[in-house]
Amino acid sequence: MALMESSVVSGLEESAAADLAVASLALARWFAAGATMWCVAPEWPSHGRHVAVEFVHPVIVGKRALPAVSVDAADAISVVRLAARPGDILLAVSSAGDTCTADLLARADAWGLTSLWLGAGSRPKGSPADLVVWLEGVDPAVASRSGDMVLMYHLLWELTHVVFEHPGLLEPGPERTDEVCVTCSDEGRVAEVTAVQPDRRVEVLIGGRREVVDASLVDPVQPGDLLLVHAGVAITSLGGAAS
Amino acid sequence: MSAEPTGFLYPFIDAEERDEAALVTELARSAQSKMAESRGLRSATLERCRDGIDAAAAAMAACFLQGGRLLAFGNGGSATDAEGTVGLFRHPPHGRSLPALSLVDDQAVLTALSNDVGFELVFARQVIAHGRAGDIAVGFSTSGGSVNILRAFEEAARRDLLTIGLCGYEGAAMTVSDAVHHCLVVRSESVHRIQEAQDALMLELWSTVQRYVAQNERP
């Protein structure tokens, strides 16, 4: 294995360091507000367990234990849906192409979770998670065993505890506004179908809360499907049930 | 970045801190410097351990070619290193799949042994159950002093397994134990940096084993 040349790597590290700084501030604020972090690493289950034990059992004596749970990918969707509370954190550790991660992240908003995606290789396109921390320019399969991946969540842990030393900055910043519509200030939210009722009405999870919405404008749905809901009406189907 | 020792006397100073941008800048600077430190330590460790890696890999390849299996163990984060190592040998990104067993995966075995005979023997007793002469015992301990890891190595050496240790801190018990045939040591004071360098060592070890296996399995 060849570790990369310093000149090549420093620019990539600068970008990852900036991601880590923003993510650590957010993570500390979410923990301070009472969040539990649910950790999933479908391609590398050992990293899911490692990141959880870092937070639960700090390597430095005197640092506070933080609630983090590692979840097996095989039943991550049903476990996190059932056990996570609104305001909790979903942490995915994977490559950009992992389908299980994509499926989980697509549901995080419906479950009321904030999401953090940590990975290596080609950076994911779009913004499938609330926060993305990425080490680019490396082969993700190699990064997962070269020390790069474990370095990334070691730093996430270290910086999160630095933020805890600044209590004045632990209060949350402004609310996210990316869902506001220019015409009606409520463009729509992602909802996950939990049960189908008569008269084209469906029970959904939306922001982690159960609601019944009108599904007469979309094709028939089944539990696990994702919908875009606006003012109590499902306006678009976003895809099929979880595999 | 540690707080002033007298900071508790003036909680209102920190409590009124509002300069978010300055903190984010400081966090990014700290992250980047630790990344450089980690990369430097990994490179230096691989360079310094080159001969040790080569000797350990040659011995491991000989075991695999004779039908030996790898048994891996560690505690906490090192347990996940053991698990990841087993995954690397079983399902390599390239090259040949090699037989490997993690001694940290079965909670029934771990809790039964911990409850009945004590945590110090949690891996040694599994070595007794699974280990055969010609197998390979790989143990991780960032401190180099975890008693259950040392006991497992002693049991493994007694049974003529090849023993490979990865640890931090030169002079730690693992580095001077006769039961550890090949000990690869990371020189650092930070548990996190040691763990990252242990990953790099293991990846290099695996890669070298692959080369030796490929060289020797065909006439």
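All of these numbers come straight from a predicted model, not from anything done at the bench.

It is the contact of helix α2 (residues 45–56) of chain A with helix α4 (residues 77–90) of chain B, at a shortest axis distance of 9 Å, that shows an interaxial angle of 175°. By the angle class used here, α2(A) and α4(B) are roughly antiparallel. Contacts from A:Ser46, A:Arg49, A:His50, A:Val53 and A:Glu54 in α2(A) reach B:Gly77, B:Thr80, B:Glu83, B:Gly84 and B:Gly87 in α4(B). Of the residues in the contact of α2(A) with α4(B), the class split is one nonpolar, six polar and three charged.

On to the domain arrangement of chain A. Residue and element names in this part refer to chain A. According to the domain assignment, chain A contains domain 1 (9–169) and domain 2 (189–239). Relative placement of domain 1 and domain 2: their C-alpha centres are 29 Å apart. In this assembly, seven residues from domain 1 lie in contact with 10 residues from domain 2. Considering only residue class, the side of domain 1 that touches domain 2 consists of four nonpolar, one polar and two charged.

The interface is formed by 39 residues belonging to chain B together with 36 residues belonging to chain A. For the side of chain B that touches chain A, the secondary-structure elements that each account for two or more residues are α1 (11–15), α2 (20–48), α4 and α9 (191–216) of chain B. Of the residues that constitute the side of chain B that touches chain A, the class distribution is 15 nonpolar, 12 polar and 12 charged.

As a further point, take α2(A). All names here are of chain A. In a regular helix each residue adds 1.5 Å, so 12 residues correspond to 16 Å; α2 covers 17 Å between its end C-alpha atoms and thus fits that length. The buried fraction of α2 amounts to 10 of the 12 residues, a majority that puts the element mostly inside the structure. Those residues of α2 that fall on the buried side of the exposure criterion are Pro-45, Ser-46, His-47, Gly-48, Arg-49, His-50, Val-51, Ala-52, Glu-54 and Phe-55.

Residue and element names in this part refer to chain A. Pairing of strand β7 (residues 201–206) with strand β8 (residues 209–214), which is carried by six bridges, proceeds in the antiparallel orientation. Across the sheet, residue Leu-205 finds its bridge partner in β8, namely Arg-210. Taken together, β7 and the strand that follows it, β8, pair antiparallel across an intervening segment of two residues, in which Gly-207 is found at a positive phi of about 60°.

Glancing now at the sheet that holds strand β2 (residues 100–102) of chain B. Sheet strands pair by backbone hydrogen bonding; their relative direction is either parallel or antiparallel. Residues and elements named next belong to chain B. Pairing within the open sheet is parallel, and its five strands lie in the order β2-β1-β3-β4-β5. The sheet is open, and its two borders are formed by β2 and β5 (182–186), each paired with just one other strand. Each neighbouring strand pair of the sheet contributes to a mean axis angle of 15°, computed without reference to strand direction. Running at roughly 165° to strand β3 (residues 136–141), helix α7 (residues 147–158) makes contact with β1 (70–73), β3 and β4 (162–168) of the sheet.

This next bit is on the environment of B:Ala133. Residue and element names in this part refer to chain B. Mapped onto the elements, Ala-133 comes out in the loop between α6 (124–130) and β3. C-alpha separation for the pair Ala-133 and Leu-162, spaced 29 residues apart in sequence, amounts to 8.1 Å. Beyond its immediate sequence surroundings of up to four residues, Ala-133 is in contact with Arg-159, Asp-160 and Leu-161.

All names here are of chain A. Counting buried positions over the seven residues of strand β4 (residues 114–120) gives seven, a clear majority of the element. On β4, burial covers both faces: Thr-114, Leu-116, Leu-118 and Ala-120 on one face and Ser-115, Trp-117 and Gly-119 on the other are all buried. Note that the unit made of strand β3 (residues 89–93), helix α4 (residues 99–108) and β4 has a crossover that is right-handed. With five bridges joining them, β4 and strand β5 (residues 131–135) adopt parallel strand pairing. Paired with Trp-117 across the strands is Val-132, a residue of β5.

The rules behind each value
Residue numbering note: each chain is counted from 1, following its sequence as written. Following the order in which they are written, the chains are lettered starting with A and the ligands numbered starting with 1. With the structure being a predicted model, the display of local features is reserved for residues of pLDDT at least 70 and the display and counting of side-chain atom pairs for 80 or more, all residues being used for whole-chain, interface and lining totals. Comment: axis = line fitted to C-alpha atoms, over the contacting stretch for helices; angle = value between 0 and 180 degrees taken between N-to-C directions. Secondary structure counts use DSSP, requiring at least four H or I residues in a row for a helix and at least two E residues in a row for a strand, with both numbered from the N terminus. The cut-offs work like this: below 35 degrees is roughly parallel, past 145 is roughly antiparallel, 65 to 115 is roughly perpendicular, and the gaps in between are oblique. The contact rule is simple: place each C-beta atom from the backbone, and if two of them lie within 7 Å, those residues are in contact. In this classification, the charged set is Asp, Glu, Lys and Arg, the nonpolar set is Ala, Val, Leu, Ile, Met, Phe, Trp, Tyr, Cys and Pro, and all remaining amino acids, among them Gly, are polar. For the purposes of this description, domain bounds are those given by an automatic or database domain assignment. Expected span of a helix: the number of residues minus one, times 1.5 Å. Exposure criterion: with C-beta atoms placed from backbone coordinates, a residue whose C-beta has 20 or more other C-beta atoms within 10 Å is buried, one with 12 or fewer is exposed, and one in between is partly exposed. In this scheme, strands are said to pair when DSSP sees at least two bridges between them. Call a crossover right-handed when, viewed with both strands pointing away from you, the route from the first strand across the helix to the second goes clockwise.

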